[in-house]
Number of protein chains: 2
Amino acid sequence: MSNKSGYMKKVFPFLCFLIFFGFQQVAAQATNVAERLGYSKHDKLLIIHADDLGVAHSENKASIKAMEEGCVNSASIMVPCPWFPEIAAYAKEHQEMDFGLHLTVTSEWKYYKWGPSYWSHIMASFRNEQGYFYDNVADVAAKGNPDVLKTELATQVRLALNAGIDVTHLDAHMGAVMATPEFLKAYIQVGRDHSLPVLLDYGIPVMDSPEIQQMMTEKDVVVDRVLTAMPEDFADGMDQYYTKVLNELEPGLNCLLIHTAYDDEEMQAITIDHPDWGSAWRQADYDFFTSDKCAALLGANGIILVTWREIRDKITRAE
Amino acid sequence: MSNKSGYMKKVFPFLCFLIFFGFQQVAAQATNVAERLGYSKHDKLLIIHADDLGVAHSENKASIKAMEEGCVNSASIMVPCPWFPEIAAYAKEHQEMDFGLHLTVTSEWKYYKWGPSYWSHIMASFRNEQGYFYDNVADVAAKGNPDVLKTELATQVRLALNAGIDVTHLDAHMGAVMATPEFLKAYIQVGRDHSLPVLLDYGIPVMDSPEIQQMMTEKDVVVDRVLTAMPEDFADGMDQYYTKVLNELEPGLNCLLIHTAYDDEEMQAITIDHPDWGSAWRQADYDFFTSDKCAALLGANGIILVTWREIRDKITRAE
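Fair warning: this is a prediction, and the values are worked out from it, not measured in the lab.

Peer 1: I'm lost on the overall build of chain A in this one. Help?
Peer 2: Scanning chain A from N- to C-terminus turns up 14 helices and 7 strands. The principal-axis extent of the C-alpha atoms belonging to chain A is close to 65 × 50 × 40 Å. Put simply, chain A has 319 residues, and 55% of those count as buried. Total accessible area on chain A stands at roughly 12800 Å², and carbon and sulfur atoms take up 55% of it.

What follows is the structure, encoded as structure tokens:
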């Protein structure tokens with residue numbers, strides 16, 4: 001105990017300095033993201049971002065339509081999923097659109113599964129007995145090896161680049177790769193290794209751990225707010241929730257995470273026994289973000305849509 | 001050359017004996033399969049067998065209905081496919097039904113993919129650059145290692161048994177595991193290791209190779225005829241083809257391989273750019289084998305439906 005106490009006496013002030021310095025540095029860059037992108041700090045910037053592309057044909061088809069004809073202006077793709085080749089082929093042919101990777105280490109549905117992209121026994125810590133990813137974040141966090149995670153995430157990036165996608169950013173399916181400080185470090189590092197922005201915000205539980213704060217540089221973009229519907233919002237009605245989000249959007253860089261798919265046979269079967277983030281939920285997201293009302297609310301509230309490509313090219317890849 | 005010539009002089013008569021002996025042995029057991037199952041050799045025995053379960057929700061749903069309400073009396077499941085857990089859960093709850101494994105080492109569709117069940121670098125010879133199985137049999141035959149194949153096939157059997165399926169037989173998706181004598185040996189051996197009958201017939205190109213003939217024992221069941229629609233049959237109309245098959249069925253053990261799915265959005269997207277064995281083809285199979293006409297033709301022609309479970313329990317697992 002005394003040794004530990006002595007250690008803390010010497011180290012604690014230094015740790016405090018590091019944490020304080022880290023927060024200052026991050027706070028400084030975070031509040032200035034808008035200005036670094038060429039906007040005013042009073043502007044309401046928004047990424048309307050569809051998650052989960054590649055998970056199903058229904059998700060691909062609805063998300064493409066919501067991007068082409070609706071208000072969705074960015075999306076991320078799940079490389080290990082069965083329908084990845086379909087959305088990869090589309091993304092390759094539409095380099096002007098904003099596609100990142102929804103880094104995936106979980107396989108959460110009941111009757112429809114996938115596993116790692118990195119085909120090796122070293123991935124064993126991320127697989128259940130059937131060879132699939134675990135269906136929940138707790139198991140991933142408890143059993144997954146962070147070094148192995150980095151290999152898997154790098155493989156997902158390589159496969160996407162090989163498929164011809166101009167990857168604009170990285171984010172995290174179910175937040176699984178943000179579950180521990182070690183995982184979050186691996187996630188941030190894979191972004192740096194490919195000069196890609198990674199989605200970060202202060203809602204991530206381990207975001208304020210000292211080792212993460214020490215990693216942060218001016219090239220890391222921490223969005224001011226991540227917004228996403230929760231089960232209670234779905235219960236109250238998605239139109240009501242999204243209308244409120246757009247009417248009350250605050251200045252700064254906001255990222256609204258949605259899931260666009262059709263409430264069709266395929267999606268109903270995939271999301272069976274799981275109404276939260278299920279097929280009706282995804283149809284409601286699709287309906288709102290392809291509606292005239294959504295476009296009108298964006299205009300009425302002076303909301304400026306920004307893409308991850310802008311962030312990547314103006315900040316992450318700035319000289 | 002002289003050495004080789006001398007070798008051939010000594011060995012050739014012996015080889016001829018082995019081939020002759022092998023053919024005799026196989027011919028003897030093949031013609032007696034009906035009697036060994038307890039039928040007359042004049043009986044027209046038929047397995048109406050749906051392939052490809054697990055490939056899609058559409059395939060699972062249609063095939064279950066065609067088995068529950070139609071004339072389909074046996075089916076095989078693709079373990080490496082995304083929808084395997086759905087059909088595995090059904091099979092586990094329906095132990096009375098006849099489910100085998102459609103051993104799979106190809107992933108043939110354009111935008112929808114899967115890869116090996118055995119998660120190891122030793123599977124590299126069966127994977128393309130994206131980590132999926134090759135989409136054609138020629139690549140599998142040219143690049144795949146037969147010893148590694150055996151490990152993959154055994155893994156598929158283990159995963160199916162672990163999922164609670166009472167596996168009744170093994171067969172081969174696209175015939176890929178029958179492509180070379182070494183592959184065919186591995187396939188037969190995996191069946192023996194689990195006391196499971198494997199689908200064999202003399203239509204398999206390498207079936208009459210000496211090393212295969214030498215393997216054959218009285219426990220191996222070579223069906224008298226494998227019947228399956230080809231693109232020209234689909235072009236002429238499936239109703240016409242299947243009507244002819246049933247009206248002209250010969251005595252002995254016949255296996256009719258079909259593919260039942262719905263011509264729906266999911267199946268259309270999976271089979272895109274591939275009308276042969278596509279969604280309309282599978283809907284036509286479903287339509288015929290759930291029709292009153294099919295049931296009437298079976299009755300009118302005195303056709304007896306037999307299952308792989310009968311074969312497994314009366315021949316493969318006979319004391």
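Peer 1: I tried to follow empty space enclosed by the protein on my own but got confused; where do I start?
Peer 2: A probe matching the size of a water molecule, rolled over the atoms, marks out where space remains unfilled. Enumeration over the complete set of coordinates arrives at 2 cavities of 30 Å³ or more. Computed from the structure, the largest cavity encloses a volume of approximately 410 Å³. Residue lining of the largest cavity: 30 residues in total, with Gly-115 and Trp-119 of chain A together with Trp-114, Gly-115 and Trp-119 of chain B positioned closest to the centre. Each residue belonging to the lining of the largest cavity can be placed in one class, and the counts come to 20 nonpolar, 8 polar and 2 charged. Across the lining of the second largest cavity, the residue classes tally to 4 nonpolar, 2 polar and 2 charged.

Peer 1: I keep staring at the packing of aromatic side chains and nothing clicks. Help me out?
Peer 2: Aromatic ring pairs: the centre-centre distance and the angle between the two ring planes describe each pair. All names here are of chain A. Following the criterion strictly, the structure yields 23 aromatic pairs over all chains and no others. Summarising the aromatic geometry, the rings of Tyr-242 and Phe-288 are spaced 5.4 Å apart at their centres and angled 35 degrees between planes, so their arrangement reads as tilted. A residue pair is termed long-range when its members are at least 10 positions apart, and Tyr-242 in helix α10 (residues 238-247) and Phe-288 in helix α12 (residues 279-289) qualify at 46 residues. The pair Tyr-242 / Phe-288 is uniform in exposure class, with both members buried. Taken together, the ring pairs connect Tyr-241, Tyr-242, Phe-288 and Phe-289 into an aromatic cluster.

Peer 1: What exactly am I supposed to notice about the relation of the copies chain A and chain B here?
Peer 2: One copy of the chain maps onto the other through a rotation about an axis plus a displacement along that axis. Aligned on chain B, chain A shows an RMSD of 0.0 Å; the corresponding rotation is 180 degrees and the shift along the axis is 0.0 Å. Put plainly, the chains are arranged around a two-fold axis. Taking the C-alpha atom as reference, chain A places Ser-120 of chain A closest to the rotation axis, 2.2 Å from it. Here 100% of the interface residues in chain A have copies in chain B that are interface residues too; the copies meet face to matching face.

Peer 1: What should I look at first to understand the confidence of the model for chain A in this one?
Peer 2: Note that predicted coordinates carrying low pLDDT should not be read in detail. All names here are of chain A. Per-residue pLDDT for chain A averages 91, and the proportion of residues at 70 or more is 90%. A low-confidence stretch, residues 1-31 (pLDDT under 50), is modelled with 22 contacts involving residues beyond four sequence positions or located in other chains. Overall fold confidence for the complex sits at a pTM of 0.90, while the interface term, ipTM, reaches 0.89.

Peer 1: Where do I start with the state of the cysteines in this structure?
Peer 2: Note on terminology: a disulfide is the covalent bond linking the sulfur atoms of two cysteines. One pass over the full model with this rule turns up 0 disulfides over all chains. Of all cysteine sulfurs in the structure, the one in Cys-81 of chain A sits closest to Cys-81 of chain B, which takes part in no disulfide; the separation is 15 Å. Free of any disulfide, Cys-294 of chain B has its nearest cysteine sulfur in Cys-71 of chain B, 3.4 Å distant.

Peer 1: So what exactly am I meant to see when it comes to the packing of helix α3 (residues 57-68) of chain B against helix α4 (residues 84-93) of chain B here?
Peer 2: Axis angle and axis distance: for two packed helices, these are the angle between their axes and the distance between the axes, and together they describe the pair. Residue and element names in this part refer to chain B. Look at α3 against α4: their axes get within 9 Å of each other, and the N-to-C directions meet at 25 degrees. One element, α3, and the other, α4, form an angle in the roughly parallel class. Taken as a pair, α3 and α4 cross one another with a handedness that is right-handed. For the pair α3 and α4, the contacting residues are His-57, Asn-60, Ile-64 and Glu-68 in the first and Glu-86, Ile-87 and Tyr-90 in the second. Among the residues making up the contact of α3 with α4, the classes are represented as 3 nonpolar, 2 polar and 2 charged.

Rules and cut-offs
Residues numbered from 1 in each chain as written. Chains lettered and ligands numbered in written order. Predicted model: local features only at pLDDT ≥ 70, side-chain atom pairs only at ≥ 80, totals over all residues. Heavy atoms only, no water. Helix = DSSP H or I, 4+ residues; strand = E, 2+ residues; numbered from the N terminus. Buried < 20%, exposed > 50% of the residue type's maximum accessible area, 1.4 Å probe, protein only. Areas by Shrake-Rupley, 256 points an atom, 1.4 Å probe, with all protein chains shown as cover. 1 Å grid on protein atoms, 1.4 Å probe; cavity = no way out; pocket = protein on both sides within 12 Å on 5 of 7 lines; lining within 4 Å. Points joined across faces, edges and corners; volume = space filled by probe spheres on them. Nonpolar A, V, L, I, M, F, W, Y, C, P; charged D, E, K, R; others polar. Phe/Tyr/Trp six-rings, centres within 6.5 Å; stacked < 30°, edge-to-face > 60°. Least-squares fit on C-alpha atoms with pLDDT ≥ 70 in both. Contact = heavy atoms within 4.5 Å. pLDDT = per-residue confidence, 0-100. Disulfide = S-S within 2.5 Å. Axes fitted to C-alpha atoms, helices over the stretch in contact; angles between N-to-C directions. Parallel < 35°, antiparallel > 145°, perpendicular 65-115°, else oblique. Left-handed = near helix turned anticlockwise from the far one by under 90°.

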